[in-house]
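# Close look at the chain arrangement
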Amino acid sequence: MKTFLLARWVVMGALALATVLPATLPQPAAAQADPVAERKAGFKRMGGHLEAIKALLDNPAGLRAEAGRASDMQAFFGGLPALFPPGSDKGETRALPAVWSDRAGFEAAGAGATAAAAKLQQAMAAGDTSAAAGAFREMGGACGTCHRGYRGR
């Protein structure tokens, strides 16, 4: 009987350890997301925002309600350099080597797009169609600056 109870306690202790121990062991780091896929998806989303905003400028009734699109653009472009880490120039990417060799210029282009998106968001939130149209043109210019210097065709 003592042997049975002892075996039972050993099994229960082992089960308790098996339950607690995995949580205390170091866990492998989660796989990092693919920066090329992330930036492609982000740029596709930005293009969708620009198309929707352009349509709003032609019919401004919902301009204020869609200011979140420009906020998303501002956040995306603010984090743009992080989507181009060293080594992410491999695979299916149209990024030119200048993204990494002229990092300061690339980051300045991203900052310009961020600032343009902020102006666009402010104009949209205010419902100011004229200011939004001007900010939209600035946003297009900021996109073009980056595309000309840092994106292959």
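For clarity, every value in this text was computed on a predicted model and none was experimentally measured. (Residues numbered from 1 in each chain as written. Predicted model: local features only at pLDDT ≥ 70, side-chain atom pairs only at ≥ 80, totals over all residues. Heavy atoms only, no water.)

## Quick look at the confidence of the model for the protein
Put simply, the protein has an average pLDDT of 83, and 79% of its residues get 70 or more. Confidence drops under pLDDT 50 across residues 4-31; counting only partners more than four residues distant or on other chains, this segment forms two contacts. (pLDDT = per-residue confidence, 0-100. Contact = heavy atoms within 4.5 Å.)

## Describing the layout of surface pockets
As a volume, the largest pocket reaches approximately 480 Å³. When contributions to the lining of the largest pocket are tallied by element, the ones reaching two or more residues are α2 (35-58), α5 (103-126) and α6 (129-150). Residue composition of the lining of the largest pocket, grouped by class: 16 nonpolar, four polar and six charged. (1 Å grid on protein atoms, 1.4 Å probe; cavity = no way out; pocket = protein on both sides within 12 Å on 5 of 7 lines; lining within 4 Å. Points joined across faces, edges and corners; volume = space filled by probe spheres on them. Helix = DSSP H or I, 4+ residues; strand = E, 2+ residues; numbered from the N terminus. Nonpolar A, V, L, I, M, F, W, Y, C, P; charged D, E, K, R; others polar.)

## A short note on the packing of helix α3 (residues 67-78) against α5
Orientation of α3 relative to α5, taken along the N-to-C sense of each, is 165°, at an axis distance of 8 Å. Here α3 is positioned roughly antiparallel relative to α5, judged by the angle of their axes. Like other packed secondary-structure pairs, α3 and α5 cross with a definite hand, here left-handed. Across the interface between the two elements, Ala67, Ala70, Ser71, Met73, Gln74, Phe77 and Gly78 of α3 pack against Gly110, Ala113, Thr114, Ala117, Ala118, Leu120, Gln121, Met124 and Ala125 of α5. Split into classes, the residues belonging to the contact of α3 with α5 amount to 10 nonpolar, six polar and no charged. (Axes fitted to C-alpha atoms, helices over the stretch in contact; angles between N-to-C directions. Parallel < 35°, antiparallel > 145°, perpendicular 65-115°, else oblique. Left-handed = near helix turned anticlockwise from the far one by under 90°.)

## What about the packing of aromatic side chains?
A full pass over the atoms with the stated rule returns five aromatic pairs. Between Phe76 and Phe77, the aromatic rings sit 5.3 Å apart at their centres with planes inclined by 75°, giving edge-to-face as the arrangement. Phe77 gets classed as buried once you look at its relative accessible area, which sits at 5%. Ring centres of Phe106 and Tyr150 lie 5.4 Å apart, and the angle between their planes is 65°; this geometry places the pair in the edge-to-face category. Taken together, the residues Phe106 in helix α5 and Tyr150 in helix α6 connect sequence positions 44 residues apart. A residue is classified by how much of its surface remains accessible, and Phe106, at 2% relative accessible area, is buried. Each residue in the set Phe84, Trp100, Phe106 and Tyr150 is aromatic and connected to the rest through ring pairs, giving one cluster. (Phe/Tyr/Trp six-rings, centres within 6.5 Å; stacked < 30°, edge-to-face > 60°. Buried < 20%, exposed > 50% of the residue type's maximum accessible area, 1.4 Å probe, protein only.)

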